[in-house]
Each structure stands twice: as structure tokens, then as C-alpha cells.
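Descriptive structure summary
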Amino acid sequence: MNSKSFVLLIIYLVASNVTIWAYERPYVINIYRDKYKGANKNWSACQDEQGTMYFGNDIGLLEFNGINWKLNRLPNDSYIKGVSAESHRRVFTGGFEDFGCWERDLSGNLIYTSLKHLLPEGTLDNETIWKVWYDDGKAYFQSFKRIFIYNGTEIKQVGLTNGILFLYKIHQEYWVQEFYGPLYRLKNNQLQKVEGSEFFNGKLARVILPYGTGQCLIGTSSGEVYLYNGKDFTIWNPALSQALHNKELNCGIQVSERGTYYWGTLLDGIYETDEEGQVIAHYSSQNSLQNNTILALYKDKLNNVWVGMDRGLAYIRYNKGLSYYNTFAQDMGAVYCAALWKNHLLLGTNQGVFYIPRKDLDSPNCFSSLKFLNGSQGQVWSFTEIDGHLYCGHNSNVVEIGENLQLSAPYSIGTGVFSAIKLPVEDRELLLVVSYNRPMIVDMKTHKTWAIENFPEAVVHAEVDHLNNIWLQTAGKGVYKCRLADSYHSFKYRFNYGNVKQKELPDKLTLSKIGGRILFTGGNQFWTYDENADRIIPEHRLNKCFASVGSVKGVKPINSEQGWVITDTSIYRFTYDGYLARILEAYNVAGDNLSLVNEDENIAVLNDSISLVCLDAGFILHNLHEKSFNPVQLIQPSIESVCVNTADGSTRYMETAVPAEIQAHYNNVTITFTESQAFSSNLSVQYRLEGMDESWSQPTKVNEVFYARLPQGKYTFHLRTVDGLGNQSEEAVYSFEISSPWYATPWAYLLYTFIIGAALYLTWLLVLRRYRNLHLQKIRAREAQYLRSMNEKLLSKIEEKDAELFTQTSFMIRKNELILNLKDIVDNFCEKNSQKSLLPLYQKMNALLANSMDPEDDWKMFVIKFEEKHKNFFKRLKSMYPQLTSNDLRLCACLKLGLDSKDIASLMNISVRAVENNRYRLRKKLDIQPSQHLNEFFIDID
């Protein structure tokens with residue numbers, strides 16, 4: 001053998017050991033109408049520069065930003081057949097008797113404007129726009145009759161006599177076929193026939209795709225695919241044309257980055273071929289798609305493929321180094337384990353062992369080669385290769401699978417078996433078998449089996465560490481560290497961690513080994529064994545590395561420094577050497593109709609480069625050597641709209657290109673954003689509002705965030721994309737300011753200052769008034785006291801005057817009465833004694849008495865005292881009644897003092913009768929009613 005042949009042989013042997021399959025198998029995600037909220041049929045698809053997808057749907061324009069779906073309806077609720085995006089702000093569509101553009105407003109919503117008004121009336125009657133393209137400032141709308149070219153201001157029409165089929169873009173040119181006729185190129189708004197294309201007379205060219213330099217592929221409805229080299233049309237690959245025969249080829253795309261073509265049919269799904277036309281995959285309702293009628297195919301910016309179908313949508317997603325194997329047609333149960341054995345891939349499921357020839361994994365319908373290994377019925381837990389033997393942990397026994405895939409039971413266990421490991425003993429070949437009941441020992445040479453004595457717990461997993469300690473994982477009572485006795489029938493010692501020795505550990509610890517060291521997972525943490533302290537302690541490096549990945553289910557080693565960490569929904573490939581821990585890859589597995597086997601999550605490491613992720617309906621193959629470790633560049637997310645509203649629901653939208661100043665009462669802010677790869681690459685976003693949030697949010701899949709009742713101030717919204725490895729995109733930033741409310745403006749503060757000043761001034765005035773009132777009250781109190789004192793003095797004086805007047809009056813009355821009495825006595829005495837000697841005495845006494853009774857003198861004295869008490873009484877009375885005489889005034893004064901008639905008569909030296917007569921005359925002069933007392937009348941006159 002020469003050196004060249006030897007090298008080729010070595011390369012072949014290495015390749016055969018490393019690679020199981022030649023082509024990556026994508027994962028097909030079916031998207032049902034109840035998710036995208038549209039009609040069943042999806043006729044076309046396109047993508048804008050921000051990654052937003054658009055689909056022509058039977059009831060409108062579907063829009064998908066990677067997180068949320070939105071349906072935009074036409075004014076007439078008609079269907080949309082063709083769609084093409086000029087930019088994120090403008091999208092062109094065409095449908096029944098209409099075509100136009102959708103423009104995005106400040107709210108991020110698309111608003112439709114029809115362009116048919118630029119055409120003569122009736123031009124589009126009964127016509128449907130099937131294809132729409134936008135290129136170099138022009139939009140092309142194609143119906144079966146003509147092509148409408150819109151340059152932004154006017155529309156030109158181009159057509160053929162017999163009508164045209166579909167419009168395709170090939171090498172910067174647009175091609176069409178005349179119905180059942182030749183092909184044409186569109187140049188300078190004119191259709192020029194492709195030389196020799198009469199070859200297609202009688203055929204329908206439904207697919208035209210670029211091929212190489214200056215060449216193209218042309219597929220007909222009957223399935224033939226022709227290669228055009230600029231001169232001749234020849235069958236490209238007869239096998240492909242045979243495969244597509246009578247499948248109604250309807251659409252196609254080229255994915256040049258992968259070197260493949262996709263051919264969509266109306267009857268049998270999608271065929272994927274390489275650049276030679278060899279079929280490498282077939283996607284249909286038998287294995288992946290929800291429907292076989294393919295209406296549209298579109299390659300997105302990540303070189304994945306969107307599929308528009310007669311019923312729903314699908315997304316064909318590729319992950320570098322991953323191949324997805326799932327099927328709708330055959331139920332093989334949940335996959336628990338796998339192994340490569342004798343050029344076959346063995347799959348251990350809850351129904352038994354299935355196998356696929358290794359070479360058939362590249363087959364488009366590889367599951368047609370899937371076969372069941374007879375006699376393996378039942379639950380399969382594990383595959384273990386030991387010294388050239390493959391052992392299967394089965395629910396009935398330890399089963400050995402031979403070179404020809406025959407089954408045997410070399411050891412009598414008598415119960416179900418989880419797994420088996422080889423024990424590190426020098427003098428014998430022993431296996432430790434983890435059975436349903438308790439650990440057992442198997443002698444591989446003698447085939448003898450025995451149970452380990454005096455071990456009370458059921459074990460589910462076992463490992464041997466670098467010190468030859470045997471670690472046993474129980475179902476829920478911690479883990480044991482053991483050492484076999486020299487007889488191998490019992491343990492020399494056993495220590496329980498988590499139930500006895502270290503009660504602070506989680507009840508359930510999962511056991512694994514990487515690089516010869518034992519790792520434990522439990523309580524959502526990683527633990528390791530410290531030999532010096534003889535304790536299980538937290539592994540801080542791994543805990544820090546996987547701090548935010550969710551609930552850790554287990555660890556599966558790949559080699560001495562790498563392994564897999566499995567969580568509820570994701571898997572992570574990591575490196576760990578006891579000193580450094582780092583995540584290398586991350587995949588979200590659970591979701592989109594994929595899920596790990598609950599409570600028995602597992603990744604089977606088939607060899608140093610290939611790992612198999614076990615699913616409850618299929619499996620995923622991971623090829624380490626197909627991974628690219630170039631730095632990941634995540635695309636910056638974009639801010640779509642900023643909506644502000646008040647508490648009563650009034651809404652406004654702000655410009656996102658410039659910082660905004662928002663009125664204070666519009667302080668409820670909703671920021672909407674897009675992340676073009678959130679769906680296709682399973683990315684998340686983080687956001688932070690500077691001025692409100694202290695740290696970034698947790699990674700999440702949302703497209704809007706709401707902040708309620710923001711206080712006044714300046715804010716900056718930061719947004720970034722993150723993946724499971726901690727990679728981050730550049731930040732999208734939006735700044736805005738919540739202005740001060742009217743009560744916090746400078747004018748308001750000026751008003752507050754004025755009001756406070758006025759209030760202080762008023763307070764000062766009130767205080768001043770208060771003190772002034774208090775002062776006045778004190779003055780008035782003193783004045784009142786003085787007046788009371790003066791009043792008391794006056795009253796005392798008045799009383800004195802009254803007393804004096806009364807005394808004087810009484811004196812005069814008594815005096816006059818005495819004189820009159822004396823006079824009467826003298827008169828009576830003289831009458832009785834007529835002695836003349838007494839006559840002079842009588843006369844002298846009469847004269848003396850008469851002189852003593854001088855009414856005028858008495859009256860003067862009376863008037864003086866009366867005027868002291870009642871000033872101006874006579875003046876006022878005289879002014880009121882001028883007809884009164886002096887005697888009348890005297891009588892009035894006596895009546896004012898309340899004197900009776902007798903006293904008045906005595907005072908005035910008249911008879912009582914004369915007094916009564918005078919009273920009568922006075923009543924008349926004063927015109928006093930008879931009912932009114934005369935004395936009371938004068939009391940009221942001062």
C-alpha cells in the first residue's frame with residue numbers, strides 16, 4: 001500500500017469514527033393558525049432589514065417580529081398573494097383587484113394606501129396580483145395579464161399577448177414565462193424573449209432559480225428541472241425530476257450559503273437537494289410538516305427557510321452541528337439512552353430497543369430504516385460498553401447485545417437493572433449492577449451474581465471516583481460513599497451524605513463524574529466532595545457559571561474536561577477542569593413540540609465528538625467538530641414605538657429617532673421593540689430604564705415593556721439582546737424626559753412664593769389686628785371701667801339729686817301741710833275764743849303763717865332741684881306744647897315726679913279739687929287719651 005492510499009485510509013477511518021451523518025438535519029417548527037391568528041393559506045413571504053417577517057395571508061398581511069404575531073387587514077378584508085418589503089417602514093403587497101403599500105406610523109402600526117388610483121379605471125377588474133418585488137427604487141406587481149412597474153410617482157404596464165405566469169428575479173434580472181410559451185427577460189421596462197426558450201411551449205415554468213454564474217434552473221409543474229447555461233436547456237438531474245414527477249412543483253428557493261435548493265410541491269411537501277441535484281432531505285406530512293401543499297418558500301437572513309402552506313406555516317431551522325430526528329408517522333416512544341454499536345445507532349426507549357443502520361442516517365427518510373430489536377420489549381434505561389461487550393440496563397435483567405444485534409442474558413439478576421459499571425479490582429473482572437432492589441456484584445468470568453450484604457437502600461446510579469471509592473445515588477435519601485470488603489460481598493464501610501452525615505444537603509442528589517471527579521447536583525446547585533474535610537461542599541465555580549440557567553437536572557461527561565449540563569428546558573456544553581468553568585454552547589430544547597424526557601433527562605455521549613440528546617419523541621445529534629467557535633455577533637435590537645398615555649386613557653406616540661420631552665400627565669410609558677433573531681436563534685432581551693431600574697432585567701422574550709406613573713426627571717432606556725452563553729449585542733438607547741407637572745414649574749413656584757408671601761402678610765395683618773383688637777379691648781375695658789365708674793358716680797349723684805329733690809319736695813309739702821294745719825288750729829282757736837286781746841296775736845300769727853307759705857319761693861326751690869335732675873324738661877315740654885301755662889308746667893313737673901293730687905295741692909297751695917280740674921284741663925291740652933295714665937306720659941319725656 002502506497003503512502004497516499006494509507007493517508008486516505010486513515011482519513012476514512014477517522015471520519016467514520018467522528019461523523020455519523022453527512023448533512024445537518026434541520027428542525028422543522030410547525031406554526032398553526034391558532035398561533036398566528038390568520039387564515040390557513042399563506043401565499044408569500046418576505047423579510048425587512050430589521051428581521052421582521054411578512055406573509056401574504058388569505059385575510060390580510062401577517063407580521064412577525066420574532067416574538068409576537070400581528071394581522072393587518074386590508075380595507076376590503078381581501079386576501080394578499082404577493083408581498084415585498086422596501087424597508088421596515090414600507091411594505092408593498094398585492095391581492096384581488098388591488099395593490100399598494102403599507103407605511104408604518106409612530107405607533108408602529110402599518111397603514112395601507114392603495115395605488116390603483118394611478119391606473120385607468122377598470123384596469124384591475126377581475127385581476128389578482130400574484131408576485132410582488134421591490135428593487136432599486138421600483139416596485140413590480142405581477143398579475144396573469146401584465147406587470148405593473150411603480151417608480152414612486154407613476155405606474156407603467158408591461159404585458160404579453162397570452163398572459164404571463166410568475167415573475168422571478170434571476171441574477172439581477174426579472175424573468176417570466178408566457179403561458180405555455182417561451183421565457184422573457186424584463187429589460188428597460190420591456191420584455192425580451194430568451195433565445196431558444198420555445199423549448200417550454202406547452203409547459204408551465206413555475207420555478208426559476210439562479211445556478212452558478214450566468215446559469216439558472218427552471219422547474220416545470222410536472223416536475224422536470226432543466227439547467228439553462230445561456231444557450232441550451234438540459235435535464236439537470238434525472239433522479240430529481242423522477243422524484244418530482246407528478247408532484248406539482250410550485251415554488252423553490254436557493255440557499256447558496258448552504259449550497260442547497262428547496263423545491264416546494266403541491267402534493268408532496270418539500271425536497272431539498274444539493275448543488276448536483278441529489279435529494280438530501282424530504283419534508284412532508286409523513287415526517288415533519290403539517291401539510292403537503294407548499295405555496296411559498298423564503299430564505300431569511302440566517303439562511304433558514306420559511307414555508308407558506310395551504311394550511312399554516314413552518315420554519316426550517318438549522319443549528320450548526322445539530323441534526324434533528326423526529327417523525328410524525330412512527331411512534332417509537334420516548335428515548336432514554338443511545339449507543340453506537342456495530343455500525344448501528346441503538347435507541348433505548350420505554351418500548352424497547354430500536355436500531356438504525358449508521359449509513360441510513362443520511363437518508364431523507366431515515367425513519368423508514370428504523371427497526372425494532374425483537375426480544376427487547378420493555379423499558380430500557382442504559383447502554384454500557386465494557387471490554388467489548390454492550391450491556392443494556394433493562395426492566396427485566398442485564399441484557400447483552402451481540403455483534404449481530406442478537407440478545408442474550410448472560411447473568412441472572414432476577415429484577416430490573418438501571419445500569420452496570422466495571423469495578424476497579426485487579427484480581428477479578430467484576431461488575432457493579434444497579435438493580436431495582438439493591439446493588440449486586442457480577443463476576444464476568446464465572447457469571448456468578450450476588451447481592452451486597454447489609455445495604456438497606458435502593459440505588460438508581462453508581463460511579464467510582466479517582467480514589468476507587470464507590471458512590472451510590474439513592475432515590476431520595478442522599479448518596480453513599482462506600483468501599484468493598486476484600487470478599488466483595490459487602491462494604492468495608494459506607495457513609496451517607498445528605499440524610500445522616502450532612503443533613504443540610506438536599507434530599508435528592510444526582511450523581512455524575514467528570515474528569516475522574518465526582519459531581520453532585522441538587523437544590524439547583526452543584527456540589528463536590530472535599531476529601532480533606534470528608535464533606536460534600538458547594539462547587540462555587542460551576543454555581544457561578546450556571547447561576548441563571550434554571551433547574552439543573554444532571555451532568556453528563558463528554559471527556560475529561562467537558563460535559564453537558566441538562567436543565568428543564570435547555571442543554572449546555574461546558575468545560576471544567578476543577579479550577580475553571582465556562583459555558584461553550586447553549587440550546588433551548590424544550591419548546592416548539594420538542595421536549596426532554598421528564599425526570600429522566602439524558603444525553604448519550606456516543607463518542608468523543610457525537611452526542612445524542614434524548615427526547616420524548618425522537619432525538620438530536622450533536623457534532624462537536626461541526627461547531628464554529630468564532631465570536632458570536634448578536635444583532636442590536638431596535639425600538640419600534642414609544643406610547644405615552646394618561647390615567648384616563650389619552651394616548652400619544654413619540655418619535656423614536658430623537659429624545660422626547662413628555663408632558664407630566666402622560667407619565668405611563670410603553671416602549672415596543674423588535675429582536676429579529678428572537679425566534680430563529682432562541683435569543684432573549686434585557687432592558688433597563690436608567691433613572692428607575694438599578695440593574696438589568698432578567699433575560700426574557702417580550703417585545704414591549706410598560707412603566708406606570710413615572711415621576712418627573714430624565715430617563716434613558718437601554719435594550720440589548722442576549723443568548724444562553726452570556727453574549728450580548730450592542731445596546732439600543734432611547735432617552736426621554738418627563739417634564740415637571742404644572743404645580744412644579746418655575747411659574748408655579750413663583751405663584752407659591754406669592755401665595756406664601758401673601759399668606760404671611762395676611763397672617764401678619766391678622767396678628768397685628770389681633771393685637772390691635774386686644775389693645776383696643778384693653779382700652780375699651782378701661783374706658784368701660786371708667787364709664788362704669790362715672791356712671792356709678794352719676795347714678796349716685798342722680799340718686800343724691802333724687803333724694804334731695806324728694807327730700808326738698810317732701811319738706812315743702814310737709815312744711816305747707818304743717819303751716820296749714822297750724823293755720824287751721826289758729827283759725828279754730830280764734831273762732832272759739834273771741835277775745836280781743838288775742839286778736840293782735842292771731843293776726844300776727846296769721847301773717848307769720850302766711851309769710852311762711854310763700855308758693856313762689858317754694859316753687860323756685862323746687863324748680864332748681866327739678867332742673868338738676870331733669871334738665872331742659874320745661875324747655876322741651878314748652879317746645880312740644882307751646883299752649884301750656886306756668887301753672888300747667890308746674891303741674892307737669894309734679895306729675896313727672898309721680899306726686900299724687902294731695903301732695904300737688906299742698907305743694908301748689910291749692911285745693912285737691914283745683915288739682916283735679918287742672919289735671920283734666922292739662923289732659924285736654926296735651927291731647928292724651930283717657931286710657932293713658934297722665935303720670936306715665938311724663939315719665940317718657942326727659
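Here, the structure is the one placed above.
What comes next is a walk through the structure. Small disclaimer: the values here were computed from a predicted structure and weren't measured.

Let us now look at the packing of helix α8 (residues 873-880) against helix α9 (residues 886-896). Helix packing for two helices is described by the angle between their axes and how far apart those axes are. Contact geometry of α8 with α9 gives a least axis separation of 11 Å together with a crossing angle of 120 degrees. The orientation of α8 with respect to α9, classified from their angle, is oblique. Handedness of the α8/α9 crossing: right-handed. Contacts between α8 and α9 involve Phe873, Phe874 and Leu877 from the former and Leu889, Cys892, Ala893 and Lys896 from the latter. When grouped by side-chain class, the residues that make up the contact of α8 with α9 number six nonpolar, no polar and one charged.

Attention now goes to the packing of α9 against helix α11 (residues 912-926). Close contact between α9 and α11 brings their axes to 10 Å; oriented N to C, the two are set at 95 degrees. Classified by the angle their axes make, α9 and α11 are roughly perpendicular. Side by side, α9 and α11 meet where Asp888, Leu891, Cys892 and Leu895 of the first sit next to Asn918, Arg919, Leu922 and Lys925 of the second. Here the contact of α9 with α11 is built from residues that sort into four nonpolar, one polar and three charged.

We now examine unusual backbone geometry. Positioned with a positive phi, leucine 405 is a non-glycine residue whose angle comes to about 65 degrees. Summarising the element assignment, leucine 405 is placed in the loop between β36 (398-401) and β37 (407-408). In this structure leucine 405 comes out as buried when scored by relative accessible area, which is 11%. With phi around 65 degrees, histidine 447 is a residue other than glycine that occupies positive phi space. Mapped onto the elements of the fold, histidine 447 is located in the loop between β40 (439-443) and β41 (449-451). Histidine 447 sits in the partly exposed class, given a relative accessible area of 40%.

The next subject is the packing of aromatic side chains. Two aromatic rings, taken as a pair, are described by how far apart their centres are and by the angle between their planes. Within this structure, the stated rule accounts for 62 aromatic pairs. With 5.4 Å between their ring centres and 35 degrees between their planes, phenylalanine 99 and phenylalanine 148 make a pair best called tilted. Linking phenylalanine 99 in strand β8 (residues 98-104) with phenylalanine 148 in strand β12 (residues 146-150), this pair joins segments that are 49 residues apart in sequence. Pair check on accessibility: phenylalanine 99 and phenylalanine 148 agree, each one buried.

Pairing is antiparallel across the open sheet formed by four strands, whose spatial order is β38-β39-β40-β41. Two strands close off the open sheet at either side, each with one partner strand: β38 (417-422) and β41. Direction aside, neighbouring strands of the sheet carry axes that sit 25 degrees apart on average. In this sheet, β40 lies alongside strand β39 (residues 430-435) in antiparallel orientation, the contact comprising five bridges. The residue bridging valine 434 from the neighbouring strand is proline 439, located in β40.

Criteria and thresholds
Residues numbered from 1 in each chain as written. Predicted model: local features only at pLDDT ≥ 70, side-chain atom pairs only at ≥ 80, totals over all residues. Heavy atoms only, no water. Axes fitted to C-alpha atoms, helices over the stretch in contact; angles between N-to-C directions. Helix = DSSP H or I, 4+ residues; strand = E, 2+ residues; numbered from the N terminus. Parallel < 35°, antiparallel > 145°, perpendicular 65-115°, else oblique. Left-handed = near helix turned anticlockwise from the far one by under 90°. Contact = heavy atoms within 4.5 Å. Nonpolar A, V, L, I, M, F, W, Y, C, P; charged D, E, K, R; others polar. Buried < 20%, exposed > 50% of the residue type's maximum accessible area, 1.4 Å probe, protein only. Phe/Tyr/Trp six-rings, centres within 6.5 Å; stacked < 30°, edge-to-face > 60°. Pairing = 2+ DSSP bridges.

That is the geometry; function is a separate question.
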